[in-house]
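Breakdown of the fold
Chain by chain, the residues run as shown.
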Amino acid sequence: MADETIPRRDFLKGAVGTAAALTTVRSVPAEAQAASQAATAAAPEPEPLLTLTATEHAFILAAVDTIIPADELSPSGSDCGVAAFIDRQLAGAYGMGARLYRQGPFPKAKPELGYQLSLNPREFFRAGIESANAWSRKTYGKEFDRLSETDREAALKAMEEGKAPFDGFDSRMFFNALLQITMEGFFADPIYGGNRDMAAWKMVGYPGLPATYREEIRTYFGKKYDKPPRSIADFS
Amino acid sequence: MTTVLKEVDAVCIGVGFTGSILARELTKAGLKVVGLERGANRSAREDFALPSVRDDLKYAVRQELFQDTQLETVSLRHAPAETALPIRRLGSFLPGTGVGGAGAHWNGVTWRLTPSDHALRSHLESRYGKGAVPAEMTIEDFPVSYDELEPYYDRFEKLLGVSGKAGNLRGQKIDGGNVFEGPRQNDYPNKPLAVSMAGSIMEKASRELGYHPFRAPAANMSEAYTNPEGVTLGACEYCGHCERFGCEANAKSSPQSCILPVLLADDRFELRAHAHVRELVYDKEACKVKAVRYVDTRTGEEYEQPAGIVILGAYVFNNMLLMRLAGISEQYDPATGKGALGRNYCYQVSGNNVTVFFADKEINPFMAAGASFGTNIDDFNGDNFDHGGLGFFGGAWISAGTSNGRPILTRPVPPGTPRWGRDWKKATAKWYNHAFNIGASGCNYAHRENYLDLDPTYRDALGRPLVRMTYNFHDNDYKLSEYIGAALGKIARAMNPTAMSSPAVRRGNYNVVPYQSTHNTGGTITGTDPKTSVVNRYLQSWNADNLFVMGASVFPQNASYNPTGLVGALAYYSAAAITTQYLKRPGPLVQG
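What you are looking at is a predicted structure, and each value in this text was computed from that prediction instead of being measured.

**A word on unusual backbone geometry**
Here the bond from Leu-209 of chain A into Pro-210 of chain A is cis, since omega is 0°, no more than 30 degrees from zero. The omega torsion of the bond from Leu-50 of chain B to Pro-51 of chain B falls at 0°, within 30 degrees of zero and hence cis. Its location among the elements puts Pro-51 of chain B in the loop between α2 (44-47) and α3 (56-61). Although it is not a glycine, Asn-364 of chain B adopts a positive phi angle of roughly 50°. Structurally, Asn-364 of chain B is set in the loop between β14 (353-357) and β15 (374-377). The backbone phi angle of Asn-496 of chain B is positive, close to 55°, even though this residue is not glycine. With respect to the helices and strands, the residue Asn-496 of chain B is situated in the loop between α12 (475-494) and β20 (499-500). Residue classification places Asn-496 of chain B among the exposed residues on the basis of 11 C-beta atoms within 10 Å.

**Description of the nonpolar core**
Counting residues in each nonpolar core, the largest one holds 230 residues, and the members touching the most others are Cys-12, Val-292, Val-310, Ile-311, Leu-312, Val-356 and Ile-398 of chain B. The biggest single contributor to this core is helix α13 (residues 564-582) of chain B, with 10 residues. The residue makeup of this core includes at least three contributed by each of domain 1 (2-204) and domain 2 (207-236) of chain A. Apart from residues no more than four positions distant in its own chain, Cys-12 of chain B is found in contact with Gly-19, Leu-22, Ala-23, Val-33, Gly-35, Leu-36, Ile-311 and Gly-313 of chain B.

**Here's the deal with the pairing of strand β12 (residues 288-296) of chain B**
Across a regular strand the side chains alternate sides, sitting on one face of the sheet and then on the other. Residues and elements named next belong to chain B. Relative to β12, strand β11 (residues 275-283) is paired through eight bridges, and the arrangement is antiparallel. Within β12, the residue paired with Ala-275 across the bridge is Asp-296. Here β11 folds back onto β12 in antiparallel fashion, the turn holding four residues, of which Cys-287 has a positive phi close to 60°. Here five bridges tie β12 to strand β13 (residues 302-312), and the two strands are oriented antiparallel to one another. Note on β13: the bridge partner recorded for Tyr-294 is Tyr-303.

**Quick notes on the sheet that holds β14 of chain B**
All names here are of chain B. Strand order in the open sheet made by the five strands is β15-β16-β17-β14-β20, with antiparallel pairing throughout. Bordering the open sheet on either side are β15 and β20, each of which pairs with just one other strand. Where strand β16 (residues 396-401) lies against strand β17 (residues 435-442), six bridges are found, and the strand directions are antiparallel. Looking across to β17, one finds that Ala-400 is bridged to Ile-438. Strand contacts of α12: β14, β16, β17 and β20, with the helix running at about 150° to β17, the strand carrying the most contacts.

**What about the sheet that holds strand β5 (residues 85-86) of chain B?**
Residue and element names in this part refer to chain B. The sheet built from four strands is open, its strands ordered β5-β4-β19-β18 with mixed pairing. Each of the sheet's edge strands pairs with one partner strand only, and the pair in question is β5 and β18 (451-459). Relative to strand β19 (residues 465-470), β18 runs antiparallel, the two sharing five bridges. Paired with Asp-453 across the two strands is Arg-468, which belongs to β19. Helix α10 (residues 316-326) contacts β4 (74-77), β18 and β19 of the sheet and is inclined by roughly 120° relative to β19.

**Examining helix α7 (residues 197-208) of chain B**
All names here are of chain B. The terminal C-alpha atoms of α7 lie 17 Å apart, and with 12 residues this matches the ideal 16 Å at 1.5 Å per residue to within 8%. Taken together, the buried positions of α7 are occupied by Met-197, Ala-198, Gly-199, Ile-201, Met-202, Glu-203, Ala-205 and Ser-206. Looking at the buried positions of α7, the neighbouring elements they touch are β15, β16, β17 and α12. Looking at the residues trailing α7, positive phi occurs at Gly-210, about 90°.

**Topic: the confidence of the model for chain A**
Detailed reading of the predicted coordinates is not advisable wherever pLDDT falls low. Averaged over chain A, the pLDDT score is 86; the fraction of residues at 70 or greater is 81%. Under a pLDDT of 50 for its full length, residues 1-44 of chain A has, in the predicted model, 37 contacts with residues more than four places off or in other chains.

**With respect to the packing of helix α1 (residues 17-28) of chain B against α13 of chain B**
Helix packing for two helices is described by the angle between their axes and how far apart those axes are. All names here are of chain B. In contact at an axis separation of 9 Å, α1 and α13 are set at 25° when each is read in the N-to-C sense. It follows from the interaxial angle that α1 and α13 lie roughly parallel. Here α1 and α13 pass one another in a crossing that is right-handed. Of the residues in α13, those touching α1 at Phe-17, Thr-18, Ile-21, Leu-22, Glu-25 and Leu-26 are Val-567, Gly-568, Ala-571, Tyr-572, Ala-575, Ile-578 and Thr-579. In the contact of α1 with α13, the residues fall into nine nonpolar, three polar and one charged.

Quick notes on the rules
- Residues numbered from 1 in each chain as written.
- Chains lettered and ligands numbered in written order.
- Predicted model: local features only at pLDDT ≥ 70, side-chain atom pairs only at ≥ 80, totals over all residues.
- Helix = DSSP H or I, 4+ residues; strand = E, 2+ residues; numbered from the N terminus.
- Buried ≥ 20, exposed ≤ 12 C-beta atoms within 10 Å, placed from the backbone.
- Core = buried A, V, L, I, M, F, W, Y, C linked by C-beta atoms within 7 Å.
- Domains from an automatic or database assignment.
- Contact = placed C-beta atoms within 7 Å.
- Pairing = 2+ DSSP bridges.
- Axes fitted to C-alpha atoms, helices over the stretch in contact; angles between N-to-C directions.
- Expected span 1.5 Å × (residues − 1).
- pLDDT = per-residue confidence, 0-100.
- Parallel < 35°, antiparallel > 145°, perpendicular 65-115°, else oblique.
- Left-handed = near helix turned anticlockwise from the far one by under 90°.
- Nonpolar A, V, L, I, M, F, W, Y, C, P; charged D, E, K, R; others polar.

Shown next, in the form of structure tokens:
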């Protein structure tokens, strides 16, 4: 397709409305946000990317916001930093294949034998996003991140159920990896860039650190533990 | 170029629980001992400090403390006719590496086997008839009986400071302890852990059903404890970061918290970390392992360390691999039944569980200790119930409780909830603090076709073949799992929960992806016949007098119980045989 040659990121920067908002809105304290808007009256800085291309980033933003939509329980996945988390994870040791045995041959395998591809996680997500977007273009006439919310939900569901025929590998494999890394970003300690303001921990009532409950195991027996959560960063 | 070093009295391959125990016992007997550990040195002060030790992503998900599969893994096929493929990423089980081994990042569940587990084949044949055990079920008796091993279980529990309550003290049954356990000479060295909400619900429901609830024995300190080595362990903080993590409070028993402080202070012991043992130098004629060859992983240089006694205390797979490469025992062949090495590889029938939801109860799953922090029953374990007409043998311990509330991996939602999106969020927020799991750990009895040998294709970072696992669940396992699943459903319903999942039952092929248990056993089994076993009752190799093999690789089959209690007891039992018999008269301790 012709528009594949246009850098996706520039396209999004120039756009108005939902797509642009997806790349730019970040969860910063309301005061700071207001101040920044007043000072510049321009869109906030786009997230700096370590490894994702603009097209991949657009896909990830749309995916994490569909998996974790904004509601009264928490901001959206991207506002919680989940896309930034994924970018950093894929740029780092995990993305490069740390702790992954990579000697071949790599024959087709039954799923009970686990991951059997030669791709490291960075390469896997590159291939997966390409396939997902190709399928989305074929099915909906446009890329995943440009679909309506309803269509994005339907598209992810099709991938989850293996009903989205992907070029190269089973869409379920890609969806499961996407879901896994999204949940990691949402629920991990905020030091990794996701779970901003400990939004996910607040949502479920997980208190984080220091997790020393020798007295509380008795005093809070059967009672809700309502202390605000704290992160590794709060003790460093 | 291999540098040959000066001979030492003994060398321990692996510095986890068994290597530390053997090194301690042998240095106490006056021997100079070298401990070779493939991984890094790790101490609680340096490596398990707050706040970083609470990093769920790093430790629980990215697997910081486990064996690096980039360097070493095993391959799997489900049956001898298939081609095995490597387990490229750890999932189903999580072997350790580095000083402390898996003992640094375990949960702390510390059991004894029952007397009938020790004498499994003869027990089943005497109760159900000679022909009752199917031909393909190649189970054996442990050559060491429960009564013989009892003092060594006791010793290991005292080293660890296990928290618990006796259920059978010198034959007297005690309510609130495990009344199915074998007779104990002493109560547990530490009182039971605090009661969790999940545990109290389980206790009430199981009592109403006529079962015998008790709190699982835990190597998590209910109170600060000083062990017979003079090492003091701290009191458990119920932080919910045991399994997959080190303990900053030295409140979980580990080689670091129980024994290494005295061992490392002893001039007779030398620890060499980053020393990856590549092979054993076997002299078949002399019936000895003369030396071990290892690679210094910092330089790539190879060393040969001659030793009078060799303690093989690596994990199950490397114990098998090192013996196989040296040609110390004959490889098992499932087609003929000949050969002992690799025979009776077993795992655990896990995956039986049910999640219960209580709208009006605050569970606080994040306040937890590792060792099944809740309440157990053994009414469905081993041969504690009549198997007549059931079509299977064995059973499972059943436990309801919480070991953590770390939300990357632990966030139960009721059945029918989508895995993502608005409804998933609602359900997750609503139920996170209102649910817990009733789980089971099932026996896995040896099967003729489950075994270990060498992979013909895939190699590790040192160029050695990977260990190939031929393994699947079989008829006995599936039937056992159906039976236990029904029991779990009954218990869950008796709790009268707001909602519950349908009890999960083990079906289909063994799957390496979801975590199940790090209770891999067998491959170098102990027995009375050198044709079908690799080591004798003292864990001494039948074919190399000075080689003693530690760990769960010596189990002839896997009981329901987590293996560490038995591993520790056998280590002390073997150490006693070495120091009181072998040192006086080096040679075979049992005539084969």
